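Listed here are the chains, written in short residue letters.
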Amino acid sequence: MSVDGKFSLIGFDADDTLWEHADFYRQAEQRLINLLAGFGDDAEITKKLREVELRNLPLYGFGVKGFTLSMIETTIELTGGRAPLSLIKSIISSGHELLKHPIELLPHVAETLAELSGIYRLVLITRGDLFDQERKLEESGLRKFFEAVEIVSDKNVETYRRISERHGMRAGRAMMVGNSLKSDVIPALEAGYWGVHVPQPITWVVEHFETSISTPRFRRINNLGELVQLIGTLD
């Protein structure tokens, strides 16, 4: 573990930072649009789904189960409660597929974690369904690189402060790496961490963040293959 350098703890987001995730949700959304084709056009169905998702976040939190329930509620509302049982079964089947989809690591993930582990304390910091996130981590083969796993209900300033305190680290010696500015980077920066953004082509609308970031503790890289070199310039 790094003692003399700037960083001691490096946190990593999971979905769409270490492995593919958003594309599977996009496919499930498209299946829903196809199923509801007789009850609205693509834009109307997508808009209604977004409204229901946002409404349900405080109730269900993040993850596949809440998303599946939101798809069912969207269907009930768009069909005026007349959705046939077969349609509901198809949506539940889509949810099951999301919970079983294969893990596809993003480029440079395994080699980057292998190089950093043992030098720094690596902590997985992710939100979502507990069973689903644990399943994905085990199937990814990446568990061995992490000293700790934090599966949280949400990512905010207090979340990151609690994590650094729990691991005995000053926030200023911690770095958070993730694809979402809104949940991975901004609250970590506000908690005193360094924040590294790794953009991905698909970003969930809830995660959109338009405000510019001016703090010197912020960096952006194209992929995780650039992280080791970046840390070398800072540490």
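No experiment lies behind these values; they were computed from the predicted model shown.

Enquirer: Looking at this structure, how should I read the pairing of strand S3 (residues 148–152)?
Expert: For a regular strand, side chains alternate in direction, first toward one face of the sheet and then toward the other. On S3, burial follows the alternation: Ala148, Glu150 and Val152 on one face are buried, whereas Val149 and Ile151 on the facing-out side are not. Summarising the sheet, strand S2 (residues 121–127) and S3 pair through five bridges and their orientation is parallel. Counterpart to Ile125 in the pairing with S3 is Glu150. Handedness of the crossover joining S2 and S3 through helix H6 (residues 130–140): right-handed.

Enquirer: Looking at this structure, I do not really get the packing of helix H5 (residues 109–116) against helix H9 (residues 227–234). What am I missing?
Expert: The packing of two helices is summarised by the inter-axis angle and the distance between the axes. Two elements in contact, H5 and H9, have axes separated by 10 Å at closest approach and are oriented at 35 degrees. Contacts between H5 and H9 pair Thr112, Glu115 and Leu116 from the former with Leu227, Val228 and Ile231 from the latter. Tallied by class, the residues present in the contact of H5 with H9 amount to four nonpolar, one polar and one charged.

Enquirer: For this particular structure, what's the right way to read the confidence of the model for the chain?
Expert: On average, the chain scores 91 in pLDDT, and the residues at 70 or more come to 94%. For the chain, the element scoring lowest by mean pLDDT is helix H1 (residues 22–35), at 93; H5 scores highest, at 98.

Enquirer: Explain the pattern of salt bridges to me, please; I cannot follow it from the model alone.
Expert: Oppositely charged side chains may form a pair once their charged atoms are brought near each other. Applying the stated criterion across every chain, the model contains 17 salt bridges. Residue Arg166 pairs with Glu150 through a salt bridge whose shortest N-O separation is 2.8 Å. Placement of the pair is Arg166 in helix H7 (residues 157–166) and Glu150 in strand S3, with a sequence separation of 16 residues. Through salt bridges with shared partners, a single ionic network connects Asp15, Asp132, Arg135, Lys136 and Glu139.

Enquirer: When you look at the packing of aromatic side chains in this model, what are you seeing that I'm missing?
Expert: The description of an aromatic ring pair uses the distance of the two centres, along with the angle that the planes make with each other. If you walk through the whole model with that rule in mind, you get four aromatic pairs. Residues Phe12 and Phe146 carry aromatic rings whose centres are separated by 6.2 Å and whose planes lie at 75 degrees to one another, so their mutual orientation is edge-to-face. Highlighted residues: Phe12 in strand S1 (residues 9–12) and Phe146 in the loop between H6 and S3, separated in sequence by 134 residues. Take Phe146: its relative accessible area is 4%, and that puts it in the buried class. Taking the centre distance of 5.4 Å and the plane angle of 70 degrees together, the rings of Tyr160 and Tyr193 count as edge-to-face. Of this pair, Tyr160 sits in helix H7 while Tyr193 sits in the loop between helix H8 (181–190) and strand S5 (194–197), placing them 33 residues apart in sequence. No difference in accessibility class separates Tyr160 from Tyr193, as the two residues are buried.

Enquirer: Could you clarify how one ought to interpret the sheet that holds S2 in this entry?
Expert: Whether parallel or antiparallel, the strands of a sheet pair through hydrogen bonds between backbone atoms. Spatially, six strands are ordered S3-S2-S1-S4-S5-S6 in an open sheet, and the strand pairing comes out parallel. A single partner strand is all that each edge strand has here, and the edge strands are S3 and strand S6 (218–220). Across the sheet, the mean angle separating the axes of adjacent strands is 20 degrees when strand polarity is ignored. Packed on one face of the sheet, H6 meets S2 and S3 and runs near 150 degrees to S3.

Enquirer: Could you clarify how one ought to interpret the nonpolar core in this entry?
Expert: Formed by 29 residues in total, the largest nonpolar core has its most connected members in Phe12, Leu18, Phe146, Met175 and Leu227. Breaking this core down by element, the ones donating at least two residues are S1, H5, S2, strand S4 (174–178), S5 and H9. For this core, the leading source of residues is H9, giving four residues. With residues near it in sequence (within four places) discarded, Met175 still touches Phe7, Leu9, Ile10, Gly11, Tyr193, Trp194, Val196, Leu227, Ile231 and Leu234. Membership of the second largest hydrophobic core comes to 17 residues, among which are Leu32, Ile33, Ile72 and Ala83.

Thresholds, definitions, all that
Residues numbered from 1 in each chain as written. Predicted model: local features only at pLDDT ≥ 70, side-chain atom pairs only at ≥ 80, totals over all residues. Heavy atoms only, no water. Buried < 20%, exposed > 50% of the residue type's maximum accessible area, 1.4 Å probe, protein only. Helix = DSSP H or I, 4+ residues; strand = E, 2+ residues; numbered from the N terminus. Pairing = 2+ DSSP bridges. Right-handed = clockwise from strand over helix to strand, strands pointing away. Axes fitted to C-alpha atoms, helices over the stretch in contact; angles between N-to-C directions. Contact = heavy atoms within 4.5 Å. Nonpolar A, V, L, I, M, F, W, Y, C, P; charged D, E, K, R; others polar. pLDDT = per-residue confidence, 0-100. Salt bridge = Lys/Arg side-chain N within 4 Å of Asp/Glu carboxyl O. Phe/Tyr/Trp six-rings, centres within 6.5 Å; stacked < 30°, edge-to-face > 60°. Core = buried A, V, L, I, M, F, W, Y, C linked by side-chain atoms within 4.5 Å.

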